[in-house]
Amino acid sequence: MVKRQIPQPSEIFELMKFKKFELDPKKRRLENALTIEDLRKIAKRRTPAAAFDYTDGAAEGEISMERSVQSFRDIEFHPSILKDVTNVDTSTQIMGGSSAMPFGIAPTGFTRLMQTEGETAGAGAAGAAGIPFTLSTLGTTSIEDVKKTNPHGRNWFQLYVMKQRDISYGLVERAKNAGFDTLFFTVDAPVAGARLRDTRNGFSIPPQLTPQTILNAIPRPWWWWDFLTTPKLEFASLSETGGTVGELLDSAMDPSIDFDDLAEIRAMWPGKFSVKGVQTLEDAKKLADLGVDSIVLSNHGGRQLDRAPVPFELLPEVAREIGKDVEIIIDTGIRNGADIVASLALGANFTLIGRAYLFGLMAGGREGVDRTIEILGEQVERTMRLLQVADVSELNPSHVTQLRRFNRDERAEIISSRPAKA
């Protein structure tokens, strides 16, 4: 039987201690965020619905986005045993340079609408962490200001080919002169996807005031204070900014771009050249034959064509076919460091985070982006240790099984067994 005793008052504080209360509310809420989903919940509380939904939402029924997120949940890890993981190296080589972790920040448009620090928060955090930052054609911070924010880090530029070709050519020249080392030629946005949350929210640039937006703003005065007291939004590629995001994209993008445009832009760019938005094995092979430096398997975060292929499911066959010829980057649906580890195991050389970065930005500005990178980095390292893998180069397909809800091979068999049309 356990012998009980009443502790002396002087002994109580040896047995338990009160947690120190953090006075800084931003620091407190970010410290309490342990996952990207925690940051997402904070972001939703602190950001007007229209801006949050622009980030959180996707096209049509949002099926592509949901499938992409689910595909990472539907995996099974296979850890090794009795391997020394005292020291774990998360660094990797990508696009001719190094990255301290196997992920970088993806290009996102209209970023200062999410939180006023926008791309400067992302570029600064990426530089401090030693990972690449990608600026979008539709970014709200200039190429030159991103370079000033991240002068010694790796800056990449994502290019849309505009109807006014001189705008696109000018952006390529500016990125080259600023010392950006990689260009992402984006091929999955000939027109804007139907982002229904934006339509329902009346989301436009500049923001339009309605009774609904005013009511939604009342509990979030800090966002409006930041928006109204900081420099107005400016876009490197858009001269007019009145209208919905879809209207702006449709007015700017050129649906006629083709492989000749790819060759022309490639000839202008002296650094590494990547094609972003690849969604089939056939196109991946064609680009590998053309000798591009990398491809990005991406369905644009589910924001363009709904029911598009899931990049993570496409990854293994692309890696098998062309992984020795071209570097493979993957995005869409990554919400955990384990997703990054699984991608590397199945053949990706690198990954990009978009929404995860923006959730951190909305949750706490630059400090929130730092927290995003910290959370993902810790998850990557912990997952590697539990798999008993000491270096990212050791990850391989034996570490992961994709538990598909609807097996693609079975689907192919079903289709092939159908009677031919008369």
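Because the structure is a prediction, the values reported are computed rather than measured. (Residues numbered from 1 in each chain as written. Predicted model: local features only at pLDDT ≥ 70, side-chain atom pairs only at ≥ 80, totals over all residues. Heavy atoms only, no water.)

**Some remarks on the overall build of the protein**
Part 1 of the argument: Along the backbone of the protein there are 18 helices and 14 strands.
Part 2 of the argument: In terms of principal-axis extent, the alpha carbons of the protein reach across some 85 × 55 × 50 Å.
Part 3 of the argument: For the protein, the residues scored as buried account for 50% of the 422 residues in total.
Part 4 of the argument: Across the protein, contacts joining residues at least 24 apart in sequence account for 76% of those joining residues at least 6 apart.
Part 5 of the argument: Put simply, the protein has 51 plus and 57 minus side-chain charges, and the middle of one group is 5 Å from the middle of the other. (Helix = DSSP H or I, 4+ residues; strand = E, 2+ residues; numbered from the N terminus. Buried < 20%, exposed > 50% of the residue type's maximum accessible area, 1.4 Å probe, protein only. Contact = heavy atoms within 4.5 Å. Lys, Arg positive; Asp, Glu negative; His and termini not counted. Charge placed at Lys NZ, Arg CZ, Asp CG, Glu CD.)

**What to know about the packing of helix H14 (residues 281-290) against helix H15 (residues 311-322)**
Part 1 of the argument: The interhelical angle for the contact between H14 and H15, taken along N-to-C directions, is 30 degrees, at an axis separation of 10 Å. Viewed along their axes, H14 and H15 form a crossing whose handedness is right-handed. Contact residues: Leu281, Ala284, Lys285 and Ala288 in H14; Leu314, Glu317, Val318, Glu321 and Ile322 in H15.
Part 2 of the argument: Here the residues of the contact of H14 with H15 are counted per class, giving 6 nonpolar, no polar and 3 charged. (Axes fitted to C-alpha atoms, helices over the stretch in contact; angles between N-to-C directions. Left-handed = near helix turned anticlockwise from the far one by under 90°. Nonpolar A, V, L, I, M, F, W, Y, C, P; charged D, E, K, R; others polar.)

**Focus: the side chain of Gln115**
Part 1 of the argument: Positionally, Gln115 belongs in the loop between strand E4 (103-105) and helix H6 (118-129).
Part 2 of the argument: A polar atom in the side chain of Gln115 sits 2.8 Å from the backbone nitrogen of Glu117.
Part 3 of the argument: In contact with Gln115, not counting residues within four places along its chain, are Asp226, Leu361, Met362 and Gly365. (Polar contact = N/O pair within 3.5 Å; in protein donor to acceptor, adjacent residues only side chain to side chain.)

**A look at the nonpolar core**
Part 1 of the argument: In this structure, Phe157, Phe180, Phe273, Ile295, Phe312 and Val318 are the most contacted members of the largest nonpolar core, which totals 101 residues.
Part 2 of the argument: It is helix H17 (residues 355-387) that provides the largest number of residues to this core, a total of 14 residues.
Part 3 of the argument: The contact partners of Phe157, leaving out residues within four places of it in the chain, are Thr134, Leu135, Ser136, Thr137, Ile143, Leu171, Ala175, Phe180, Thr182, Leu183 and Phe184.
Part 4 of the argument: Judged by nonpolar contacts, the second largest core, of 9 residues, contains Met95, Trp156, Phe184 and Phe350. (Core = buried A, V, L, I, M, F, W, Y, C linked by side-chain atoms within 4.5 Å.)

**Considerations on the confidence of the model for the protein**
Part 1 of the argument: When pLDDT is averaged along the protein, the result is 90; 90% of the residues meet or exceed 70.
Part 2 of the argument: Between residues 411-422, whose pLDDT stays under 50, and residues either more than four places distant or in other chains, the model counts 2 contacts. (pLDDT = per-residue confidence, 0-100.)

**Examining the pairing of strand E6 (residues 155-159)**
On any regular strand, side chains alternate: one points to one face of the sheet, the next to the other face.
Part 1 of the argument: Judged by how many residues are buried, E6 sits mostly within the fold: 5 of 5 residues are covered.
Part 2 of the argument: Side chains of E6 alternate between two faces, with Asn155, Phe157 and Leu159 and Trp156 and Gln158 buried alike.
Part 3 of the argument: Judged from the 4 bridges that link them, strand E5 (residues 133-136) and E6 form a sheet pairing that is parallel. In the sheet register, Ser136 faces E6, and the bridge partner there is Gln158.
Part 4 of the argument: With respect to chirality, the unit in which E5 leads through helix H7 (residues 143-149) into the neighbouring parallel E6 is right-handed.
Part 5 of the argument: Sheet topology note: the E6/strand E7 (residues 182-186) ladder contains 4 bridges and is parallel. By the bridge assignment for E7, Leu159 is matched with Phe185. (Pairing = 2+ DSSP bridges. Right-handed = clockwise from strand over helix to strand, strands pointing away.)

**Focus: unusual backbone geometry**
Part 1 of the argument: In this model, Glu62 sits at a positive phi of 60 degrees, which is unusual for a non-glycine residue.
Part 2 of the argument: Mapped onto the elements of the fold, Glu62 is located in the loop between helix H4 (49-56) and helix H5 (63-73).
Part 3 of the argument: The class of Glu62 is buried, set by a relative accessible area of 11%.

**Here's the deal with the pattern of salt bridges**
Part 1 of the argument: One pass over the full model with this rule turns up 18 salt bridges.
Part 2 of the argument: The partner of Asp261 in a salt bridge is Arg165, with the nearest N and O atoms 3.0 Å apart. Linking Asp261 in helix H13 (residues 259-268) with Arg165 in helix H8 (residues 165-177), this pair joins segments that are 96 residues apart in sequence. Residue Asp261 shares its accessibility class with Arg165, and that shared class is buried.
Part 3 of the argument: Residue Lys276 pairs with Asp331 through a salt bridge whose shortest N-O separation is 3.4 Å. Of this pair, Lys276 sits in strand E10 (residues 272-278) while Asp331 is found in the loop between strand E12 (327-330) and helix H16 (337-345), placing the two residues 55 residues apart along the sequence.
Part 4 of the argument: Shared partners join several salt bridges into a network, and the residues in it are Glu37, Arg40, Asp53, Asp56, Glu62 and Arg197. (Salt bridge = Lys/Arg side-chain N within 4 Å of Asp/Glu carboxyl O.)

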